[in-house]
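Structural features, examined
Letter by letter, the chains look like this.
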Amino acid sequence: FLPLYLCGLVPGKYLDSNGYVVLFMPDHPNAGYKKTVFEHRFVMECKLGRYLTEEECVHHIDFNKSNNEPSNLMLFKNNSEHIKFHNKIKQNEQS
């Protein structure tokens, strides 16, 4: 269960080399070795009120990796489902 008081915190943040916003959150249970989490994953956790599993994948609807507004994020149960979604978008664009 995600402690909702964490959602109001404004931790240190930076943009990584791939264009994702990264948050310094040393106490987050899913923090990597640098004690960071991706902001889009944290925003989705706050939206859902729980921690994400490692398998779950967060998609940016507008493809802007730094737009982490809750309304711009979609959750997929795994990366395979996320890739299927992208492939469907590509098929629709080619039609």
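Structural data are supplied above this passage.
Parameters at a glance
Residues numbered from 1 in each chain as written. Predicted model: local features only at pLDDT ≥ 70, side-chain atom pairs only at ≥ 80, totals over all residues. Heavy atoms only, no water. Salt bridge = Lys/Arg side-chain N within 4 Å of Asp/Glu carboxyl O. Helix = DSSP H or I, 4+ residues; strand = E, 2+ residues; numbered from the N terminus. Buried < 20%, exposed > 50% of the residue type's maximum accessible area, 1.4 Å probe, protein only. Contact = heavy atoms within 4.5 Å. 1 Å grid on protein atoms, 1.4 Å probe; cavity = no way out; pocket = protein on both sides within 12 Å on 5 of 7 lines; lining within 4 Å. Points joined across faces, edges and corners; volume = space filled by probe spheres on them. Expected span 1.5 Å × (residues − 1). Polar contact = N/O pair within 3.5 Å; in protein donor to acceptor, adjacent residues only side chain to side chain. Phe/Tyr/Trp six-rings, centres within 6.5 Å; stacked < 30°, edge-to-face > 60°. Pairing = 2+ DSSP bridges.

**So, the pattern of salt bridges**
Inspection of the entire model under this criterion finds 3 salt bridges. A salt bridge links lysine 84 to glutamate 81, with the nearest nitrogen and oxygen atoms 3.3 Å apart. Taken together, the residues span about one helical turn, with lysine 84 and glutamate 81 both in helix α2 (residues 79-94) at a distance of 3 residues.

**What about helix α1 (residues 39-48)?**
Looking at α1, one finds that the buried residues are Glu39, His40, Phe42, Val43, Met44 and Glu45. In this fold, the buried residues of α1 make contact with β1 (13-15), β2 (21-24), β3 (36-38), β4 (57-60) and β5 (73-76). Just beyond α1, the residue with positive phi is glycine 49, at close to 80°.

**Here's the deal with the layout of surface pockets**
Of the pockets and cavities examined, the largest pocket occupies roughly 360 Å³. Taken together, 19 residues form the lining of the largest pocket, with Asn30, Thr36, Val37, Phe38 and Arg41 sitting closest to its centre. Where the lining of the largest pocket is concerned, the elements lending two or more residues are β3, α1 and β4. Examining the composition of the lining of the largest pocket, we find that 4 residues originate from one element, α1, more than from any other.

**A look at α2**
Counted at 1.5 Å a residue, the expected span for α2 with its 16 residues is 22 Å, and the 23 Å between its end C-alpha atoms agrees. The N-cap residue of α2 is asparagine 78: its side-chain oxygen and the backbone nitrogen of serine 80 are 3.1 Å apart.

**Some thoughts on the packing of aromatic side chains**
To describe a pair of aromatic rings, you give the distance between the ring centres and the angle between the ring planes. Taken as a whole and judged by the stated rule, the model has 2 aromatic pairs. Ring plane angle 50° and centroid distance 5.2 Å describe the contact between phenylalanine 76 and phenylalanine 85, whose orientation is recorded as tilted. Assessed through its relative accessible area of 10%, phenylalanine 76 is described here as buried.

**Concerning the environment of glutamate 45**
In this structure, glutamate 45 sits in helix α1. For the pair glutamate 45 and proline 70, spaced 25 residues apart in sequence, the C-alpha separation works out to 9.9 Å.

**Digging into the pairing of β4**
For a regular strand, the rule is simple: side chains alternate between the two faces of the sheet. Burial of β4 is two-sided: the residues Cys57 and His59 facing one way and the residues Val58 and His60 facing the other way are all buried. Two elements, β4 and β5, share 4 bridges in a ladder whose sense is antiparallel. Bridge assignment links histidine 59 to a residue of β5, and that residue is methionine 74.

Spatial relationships are all this shows, so hold off on functional conclusions.
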